[in-house]
Amino acid sequence: MSFVSLTFAAFFTIFVSLYHLAGRFAKNAALAQRILLLAASLVFYAWADLRFVPFLAYAVAVSYLGGLSFCIGGGYRRLRLFALCAACLAPLLFFKYAPRELHPDIIFPLGLSFFTFQSLSYVADCFKKKVEPELSLLNVALFVSFFPVVSSGPIQRAGNLIPQFKEAHRFDYGSATDGLKLFAWGMFKKLCVADRIAAYVNYVYGSADSQYGSALLLATVLYSFQIYCDFSGYSDMAIGVARYCGFDVGKNFDHPYLAQSVGDFWRRWHISLSSWLRDYVYIPLGGSRVALPRIYFNLLATFLVSGVWHGSTWNFVFWGALHGLYLCVERAAKPVLEKTNFSKKFKILITFCLVTFAWIFFRSASLHEALVVVKRILRIPLEYPRLLDLKNQVGIKEAVRTALSLSAGFFGGLKGMAKTFVLLGTLFVCEFLTLKRSGLEILREKKTDFRWAVYIILLLVLLKKLPLKLSFEEQKTYSTNFIYQNF
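We now turn to the structure provided with this report.

In terms of helices and strands, the protein carries 21 helices and zero strands. Compactness check: the protein gives a C-alpha radius of gyration of 24 Å against a globular reference of 23 Å for 487 residues, within 12% of the reference. Along the longest, intermediate and shortest principal axes, the C-alpha atoms of the protein span 80 × 60 × 55 Å. Across the 487 residues in the protein, those meeting the buried criterion constitute 52%. Pairs at least 24 apart in sequence give 73% of the contacts found in the protein among residues at least 6 apart. With the model as given, the accessible surface of the protein reaches about 23800 Å², and the carbon-plus-sulfur share is 66%. Where the 52 positive side-chain charges of the protein centre and where its 29 negative ones centre are 4 Å apart.

Here it is as structure tokens:
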């Protein structure tokens, strides 16, 4: 069930009505709300495909029984942990890495990567005694299947989320309105920016062999913003839905393209995954408490795990290894870099270029395609004579359209491209304004007239993008896919 769909709007309206009624009138409000949450989570998840539900139930069972197993005395605790981790990972490894020739019709269960990591973290935290094993199956089931985050995160920790389930949540106007604002802002990033860019990026990358290097370069830079607006837009919507219900599920993005190093980028990008990899892969390997060569190994190993988690093809492995290499070089060059006096803007630009280059391998369908893209971008200077000839034949506007593959009608030509950059400029301004304080805090301090002007403009823009012209039957089946639902 996509967040951007009529189905979700109806589902959420019914759910929150019952949820807040239970919070106000039920004798045991906390228990009633937990039961409603679990029922809603199962409906939300089953809506994607009923065949996926057994895998969610399996993750719940392994998590619950695994946590309880650490209440039992006796030895072999570490062996039990390894066995439970293997049990948690088994479905994920099968669906990601089973040969497609043997299973051509295999369907990847929605959110499998995300709730598998939550199950692993719960089992590991019970083993380390960071959390007490839950005796309530209901609480563990909710932790694994909580519907705002089950499909694409943010990845949750038991120590943060489970205690919130044990509290009754009465309707709170501030939380509800903040949740709606976050949801609307996330929808803007997804529908108005990410989806606008997606058609162009898909077209250019879909025919990389026949594209000018300049078109591939533009598509690569735009993809950096597409994936950011797509995934951070989803995260804002998920966080907004949870906050409306009274839950704090953390922050998943913190101005990543204003990072001044690749290490800083990973502290700001997909924060829930980055911190998960740090706590459950990097630190157990020894982290930074070991000799320098071992630190390099730990960094590479951690980002190889990240690459393999994202996909089973070599381009994802290369993408992960490339980021690991970036961090190793940063670590080695740290004494030199600390003595230099590079400006913040220069550091941000270099970091963005390095991250954007790595996105080529993430976006491409294969390692071969990624190398084709890199090769064609590097050959851009050699394309100038052809473009000059084209300019003399058909004029500069048509030459630019051809070089950038805009003649196919994407963005509505050059004017449409200009509108796209206006949207990106708006996004940049908002990113800079909210660097030190959240947008919600800034809005609260503004006068009522200003706030409502912002809300109305955002609402009008979204109404223009929403599929309101579709028939009722078409709207029932309409949904917008998010990039990270593929992982």
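Let us look at the layout of surface pockets. There is about 1100 Å³ of room inside the second largest pocket. Along the wall of the second largest pocket there are 32 residues; nearest its centre are S261, V262, G263, L327 and E330. Of all the elements in the fold, those that place two or more residues in the lining of the second largest pocket are helix 10 (262-268), helix 11 (271-282), helix 12 (292-310), helix 13 (314-339) and helix 14 (344-363). A total of nine residues in the lining of the second largest pocket trace back to one element, the largest contributor, which is helix 13.

A separate point is unusual backbone geometry. Glycine aside, the phi torsion of most residues is negative, and most peptide linkages are trans. G153 connects to P154 through a cis peptide bond whose omega is 0°. Mapped onto the elements of the fold, P154 is located in the loop between helix 6 (137-145) and helix 7 (158-165). Positive phi is not limited to glycine here, since H255 has a value of about 55°. You can see H255 is positioned in the loop between helix 9 (213-244) and helix 10.

Now for the packing of aromatic side chains. Applying the stated rule across the entire model yields 60 aromatic pairs. Both rings, one in F117 and one in W309, keep their centres 5.4 Å apart while their planes meet at 35°; by these two values the pair is tilted. Highlighted residues: F117 in helix 5 (residues 112-127) and W309 in helix 12, separated in sequence by 192 residues. By relative accessible area, which is 4% here, W309 ends up buried. Ring centres of F316 and F362 lie 5.3 Å apart, and the angle between their planes is 85°; this geometry places the pair in the edge-to-face category. You can see F316 sitting in helix 13 and its partner F362 sitting in helix 14, a full 46 residues away along the chain. For the cation-ring pair, K190 lies above F482, with the distance from its terminal atom to the ring centre recorded as 4.9 Å.

Moving on to the environment of Y76. Within the secondary structure, Y76 sits in the loop between helix 3 (53-69) and helix 4 (77-97). As for Y76 and L180, which are separated by 104 residues in sequence, their C-alpha atoms are 48 Å apart.

Tracing the backbone through its elements, the reader meets K190 in helix 8 (residues 173-206). Residues in contact with K190, not counting those within four places in the same chain, are D195, C229, D230, M237, T480, N481 and F482.

A few words now on the packing of helix 8 against helix 20 (residues 448-465). Between helix 8 and helix 20, the shortest axis-to-axis distance is 10 Å and the interhelical angle comes to 45°. What the angle tells us is that helix 8 and helix 20 run oblique. Considering the relative orientation of helix 8 and helix 20, their crossing is left-handed. Contact residues: K181, A184, W185, M187, F188, L191, C192 and R196 in helix 8; Y455, L458, V461, L462 and K465 in helix 20. Broken down by class, the residue content of the contact of helix 8 with helix 20 amounts to 10 nonpolar, no polar and three charged.

Right, let's talk about the pattern of salt bridges for a bit. Opposite charge on two side chains lets them pair, provided their charged atoms get close. Under the counting rule described, the total for this entry stands at 12 salt bridges. With a shortest N-O distance of 2.7 Å, D49 and R51 are connected by a salt bridge. Overall, the relative accessible area of 17% leaves D49 in the buried class. By relative accessible area, which is 53% here, R51 ends up exposed. In this structure, E134 engages K166 in a salt bridge whose closest nitrogen and oxygen atoms are separated by 2.8 Å. Taken together, the residues E134 in the loop between helix 5 and helix 6 and K166 in the loop between helix 7 and helix 8 connect sequence positions 32 residues apart.

Rules used throughout
Residues numbered from 1 in each chain as written. Predicted model: local features only at pLDDT ≥ 70, side-chain atom pairs only at ≥ 80, totals over all residues. Heavy atoms only, no water. Helix = DSSP H or I, 4+ residues; strand = E, 2+ residues; numbered from the N terminus. Rg over C-alpha atoms; globule rule 2.2 N^0.38 Å. Buried < 20%, exposed > 50% of the residue type's maximum accessible area, 1.4 Å probe, protein only. Contact = heavy atoms within 4.5 Å. Areas by Shrake-Rupley, 256 points an atom, 1.4 Å probe, with all protein chains shown as cover. Lys, Arg positive; Asp, Glu negative; His and termini not counted. Charge placed at Lys NZ, Arg CZ, Asp CG, Glu CD. 1 Å grid on protein atoms, 1.4 Å probe; cavity = no way out; pocket = protein on both sides within 12 Å on 5 of 7 lines; lining within 4 Å. Points joined across faces, edges and corners; volume = space filled by probe spheres on them. Phe/Tyr/Trp six-rings, centres within 6.5 Å; stacked < 30°, edge-to-face > 60°. Lys NZ or Arg CZ within 6 Å of the ring centre and 35° of its normal. Axes fitted to C-alpha atoms, helices over the stretch in contact; angles between N-to-C directions. Parallel < 35°, antiparallel > 145°, perpendicular 65-115°, else oblique. Left-handed = near helix turned anticlockwise from the far one by under 90°. Nonpolar A, V, L, I, M, F, W, Y, C, P; charged D, E, K, R; others polar. Salt bridge = Lys/Arg side-chain N within 4 Å of Asp/Glu carboxyl O.

That's the geometry; what it means functionally is another story.
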